[in-house]
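Here is what each chain is made of, one letter per residue.
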Amino acid sequence: VSIQDPASPRPRRKTAISGDRPATDSAGPEAARRAVLDKNTPSRTFRLPNGKTMTLSTDRVRAKPAVTPQISFLLGQNAIGLGLWGLLAPKGVNRFLGLTNSPQRTQALFGAREMATGMALFSDPTKALVLWARVAGDVFDIFLLRSLTRPHNPKRGNAKLALGVVLAVTVLDVVAAARMTTVRRNGQGAGS
Amino acid sequence: MKAICWQGKKDLRCEEVPDPILQDSKDAIIRVTSTCICGSDLHLMNGFVPTMCAGDVMGHEPMGEVVEVGAEARAKGLKVGDRVVVPFQMICGECEQCQAGNFSVCQVTNRNADLARAFFGDTTAGLFGYSHITGGYAGGQAELMRVPFAATTVIKTPSTGADELYLFLSDILPTGWQAAKFAKIKPADTVAVWGCGPVGLFAIQSALLLGAQRVIAIDDVPERLAMAAGLGAEILDRSQAKVLAALKDMTDGHGPEKCIDAVGIEAHGPNPLLELIDRAQTALKLETERPVALREAIMACKAGGIVSVPGVYAGLSNMVPMGALMNKGLTLRTGQTHVKRWSDDLLRRIEQGEIDPTFVVTHTVPLDRGPEMYKTFRDKKDGCIKVVLKP
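Residues numbered from 1 in each chain as written. Chains lettered and ligands numbered in written order. Predicted model: local features only at pLDDT ≥ 70, side-chain atom pairs only at ≥ 80, totals over all residues. Heavy atoms only, no water.

Engineer: Let's hear about the packing of aromatic side chains: which residues, and what values?
Structural biologist: All names here are of chain B. Taken as a whole and assessed by the stated rule, the structure comprises 5 aromatic pairs over all chains. Here a set of aromatic residues connected by ring pairs shows up, and it is made of Phe 168, Phe 202 and Phe 359. Seen from the ring of Tyr 137, Arg 111 lies directly overhead, with NZ or CZ sitting 3.9 Å from the centre. Across from the ring centre of Phe 182, 4.0 Å away, lies the NZ or CZ of Arg 333, which sits over that ring. (Phe/Tyr/Trp six-rings, centres within 6.5 Å; stacked < 30°, edge-to-face > 60°. Lys NZ or Arg CZ within 6 Å of the ring centre and 35° of its normal.)

Structure representation (structure tokens):
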């Protein structure tokens, strides 16, 4: 069982997979409940930090989990983090990349851009248009970062690192945008 | 078979899933003939209810025909061909809570009871298509569904009559009814109902049936207010008036004796600034819901009155006026609906023509149009009040 919501508690360590039931009560409702967990019920038992165990079950009747919405949601969270960096510490961004003549408001604009797309995807990860807008922003960032990897920049190592990260994120943005654009929700959208 | 599946926040798809099988002798398999989109499905879609997992089958308001029955369910009288409504909760009928009529907190049917205890301090019943806190059971927005504890769970209906006549026994009709019953309505009472969605409309209808002198319906969607007026309620358009002041004016300065919050988690208002504050807090996980209607209901209610809450809440609410609740001596009554506590009475009233629940249906579409209808329902477009899906 994969619990998707970040607010839900995440058991720390898996100890057994189905069949190994936790011994909390020996009779009554607990026993009756355990009796309905059969071999067709996908279940996992976890050990909690306090030493107790927790069994989580799901239903065998379920669709193949789609990956794109999770990627889109994570891209949104990542963008919010970058947005906060740009908005709250524009000097820090300049220092990290070796930008000596860039005004702070340029970095603040970068932060605002990331924050806007991040919030949009955080509230609705299915927004393909926002994902494509991110791709456009990525292209701009790649050209900018490429210029910062030249030998005259003493922080070119950081710029190369940032360029690598942006390239990786761009790949995710393009894949998520393309798949979110083409997903069909009326019976033919499985697994995208 | 096809089913409406949750694949992430605001991402629903009609997809192929494995057919259900009998997994226990108490099970039955139902061929779903009609199923609905509920307001609380919107909370699931929008990510307000934790522990939804990608691939989960949605839906908890189905009805259909029994096509396969386990041995124990058969021994208890359920047979192939029976026409049944499937309540949103499954019940064992034998535990302490079921014996007390508190079916929505059955102690046996939630197979993820440990998780429910972690969230709520005790377990709830297992619910269909309603996150893993309530058991992670596949829901009824599908062509087929497995019903555990089938003989004790389902409501048998007459073999004649449109599905829509009985379908809402699965959830929204008994939910509106329970809201009114929990309010302990007396003949001189004024009852204010926040939200004129399907549950609110049934709460209004129930309050009037149970003898309320006046019912005030509060909403800002014209077609919903018109429907409430058609049932006999006075209407309070919250887009045109300040709710608390208007209610005081309408009730000699004291407020309604009974207040029903049929809105729940995702309320709007009362003004853009306060709504923005709630939205920011939910985004930052400082609270999990926007309890605007609950706050207003508590503030509006006459001292010594009852606030009944059928609206769904999932986690933590900020700025709920506990001082008003305590100092006015209000009684707060809430809970998921104990469907089977009310279903016999409601079925009888439907058969006698006293209640015709079909008035709420505005859209009937094939199952594979479910994902788009979720958005139509959420955005209140096209006069949408209740969507029935036909698998």
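Next comes the rest of the description.
Engineer: Describe in detail the environment of Lys 302 of chain B, supporting the description with residues and values.
Structural biologist: Residue placement: Lys 302 of chain B occurs in the loop between α12 (292-300) and β15 (306-309). Not counting chain neighbours up to four residues away, the residues in contact with Lys 302 of chain B comprise His 254, Gly 255, Pro 256, Glu 257 and Leu 330 of chain B. (Helix = DSSP H or I, 4+ residues; strand = E, 2+ residues; numbered from the N terminus. Contact = heavy atoms within 4.5 Å.)

Engineer: Can you lay out the sheet that holds strand β4 (residues 56-57) of chain B for me, pointing to particular residues and giving the numbers?
Structural biologist: Ordered by their spatial adjacency, 3 strands build an open sheet running β2-β1-β4 (chain B), and the pairing between neighbours is antiparallel. Of all strands in the sheet, those with a lone pairing partner are β2 (11-16) and β4 of chain B, marking the two edges. (Pairing = 2+ DSSP bridges.)

Engineer: Describe helix α10 (residues 243-250) of chain B, naming the residues involved and giving the relevant values.
Structural biologist: The periodicity of an α-helix, 3.6 residues per turn, causes residues three or four places apart in sequence to face the same way. Residues and elements named next belong to chain B. Where α10 is concerned, the buried positions are Val 243, Ala 246 and Leu 247. For α10, the buried positions fall inside an angular range of 100 degrees around the axis, keeping them on one side. Structurally, α10 contributes buried residues whose contacts are with β11 (190-194), β12 (214-219), β13 (234-237) and α12. Note on α10: the residue one or two positions beyond its end, Asp 252, has a positive phi of about 60 degrees. (Buried < 20%, exposed > 50% of the residue type's maximum accessible area, 1.4 Å probe, protein only. Arc of directions from axis to C-beta.)

Engineer: Break down a nonpolar patch on the surface for me, citing the residues and quoting the values.
Structural biologist: Residue and element names in this part refer to chain B. Judged by side-chain polarity, Leu 273, Leu 274, Leu 276, Ile 277 and Met 319 come together as a nonpolar surface patch covering roughly 490 Å² of accessible area. By secondary structure assignment, the location of Leu 273 is in helix α11 (residues 272-283). According to the relative accessible area criterion, Leu 273 is exposed, its value standing at 56%. (Patch = residues over 30% accessible without salt bridge, like charges linked within 9 Å, V, L, I, M, F, W, Y side chains within 5 Å. Areas by Shrake-Rupley, 256 points an atom, 1.4 Å probe, with all protein chains shown as cover. Salt bridge = Lys/Arg side-chain N within 4 Å of Asp/Glu carboxyl O.)

Engineer: Before we move on, can you summarise the nonpolar core with the specific residues and values?
Structural biologist: Residues and elements named next belong to chain B. Formed by 78 residues in total, the largest nonpolar core has its most connected members in Phe 168 and Leu 169. Those residues in contact with Leu 169 that lie beyond four places of it in its chain are Val 85, Ile 155, Pro 174, Val 339, Ser 343, Leu 346, Leu 347 and Ile 350. Grouped together as the second largest cluster of nonpolar side chains are 20 residues, Ala 192, Leu 247, Cys 259 and Ile 298 included. (Core = buried A, V, L, I, M, F, W, Y, C linked by side-chain atoms within 4.5 Å.)

Engineer: Explain helix α5 (residues 128-148) of chain A to me, and be specific about the residues and the numbers.
Structural biologist: Residue and element names in this part refer to chain A. Under the 1.5 Å per step criterion, the end-to-end length of α5 is 30 Å for 21 residues, consistent within 8% with the ideal 30 Å. Among the residues of α5, those classed as buried are Ala 128, Val 130, Leu 131, Arg 134, Val 135, Gly 137, Asp 138, Asp 141, Ile 142, Leu 145 and Leu 148. Looking at the packing, one finds that the buried side of α5 touches α2 (68-88), α3 (90-97), α4 (104-123) and α6 (156-182). (Expected span 1.5 Å × (residues − 1).)

Engineer: Before we move on, can you summarise the packing of α2 of chain A against α6 of chain A with the specific residues and values?
Structural biologist: Residues and elements named next belong to chain A. Where α2 meets α6, the closest approach of the two axes is 10 Å, and the angle between their N-to-C directions is 135 degrees. With respect to α6, the axis of α2 lies oblique. In the crossing of α2 with α6, the sense of the turn from one axis to the other is left-handed. Seen from α2, the contacting residues are Thr 68, Pro 69, Ile 71, Ser 72, Leu 75 and Asn 78; seen from α6, they are Val 169, Leu 172, Asp 173, Ala 176, Arg 179 and Met 180. Partitioning the contact of α2 with α6 into residue classes produces 7 nonpolar, 3 polar and 2 charged. (Axes fitted to C-alpha atoms, helices over the stretch in contact; angles between N-to-C directions. Parallel < 35°, antiparallel > 145°, perpendicular 65-115°, else oblique. Left-handed = near helix turned anticlockwise from the far one by under 90°. Nonpolar A, V, L, I, M, F, W, Y, C, P; charged D, E, K, R; others polar.)

Engineer: Break down the sheet that holds β11 of chain B for me, citing the residues and quoting the values.
Structural biologist: Residues and elements named next belong to chain B. With parallel pairing, 6 strands are arranged side by side in an open sheet as β13-β12-β11-β14-β15-β16. Edge positions in the sheet fall to β13 and β16 (331-334), since each has one partner strand and no second. Across the sheet, the mean angle separating the axes of adjacent strands is 20 degrees when strand polarity is ignored. Two elements, β12 and β13, share 4 bridges in a ladder whose sense is parallel.

Engineer: Give me the pattern of salt bridges: which residues, what numbers.
Structural biologist: Residue and element names in this part refer to chain A. Going through the model one piece at a time under the given rule, you end up with 31 salt bridges over all chains. Here Asp 173 ties to Arg 134 by a salt bridge, and the two come within 2.9 Å at their closest N and O atoms. Of this pair, Asp 173 sits in helix α6 while Arg 134 sits in helix α5, and the two are 39 residues apart along the sequence. Across the pair, Arg 134 and Asp 173 agree in class, each one buried. Overlapping salt bridges bring together Arg 113, Glu 114, Arg 134, Asp 141 and Asp 173 as one network.

Engineer: Can you break down the state of the cysteines residue by residue, with the values?
Structural biologist: Residue and element names in this part refer to chain B. Counted by the stated rule, this structure contains 0 disulfides over all chains. Unpaired in terms of disulfides, Cys 5 finds its nearest cysteine sulfur in Cys 14, a separation of 7.6 Å. Owing to a relative accessible area of 0%, Cys 5 belongs among the buried residues under this scheme. Free cysteine Cys 98: the closest other cysteine sulfur is in Cys 95, separated by 3.7 Å. Take Cys 98: its relative accessible area is 5%, and that puts it in the buried class. (Disulfide = S-S within 2.5 Å.)

Engineer: Lay out unusual backbone geometry in plain terms, naming residues and giving numbers.
Structural biologist: Residue and element names in this part refer to chain B. For the bond running from Gly 269 to Pro 270, omega is 5 degrees, close enough to zero to count as cis. Note that Pro 270 resides in the loop between β14 (258-261) and α11. With a phi close to 60 degrees, Lys 10 is a non-glycine residue in the positive phi region. As for its position among the elements, Lys 10 is in the loop between β1 (2-8) and β2. We classify Lys 10 as buried; its relative accessible area is 19%. Of note, Lys 285 is a non-glycine position whose phi angle comes to about 60 degrees, a positive value. Mapped onto the elements of the fold, Lys 285 is located in the loop between α11 and α12.

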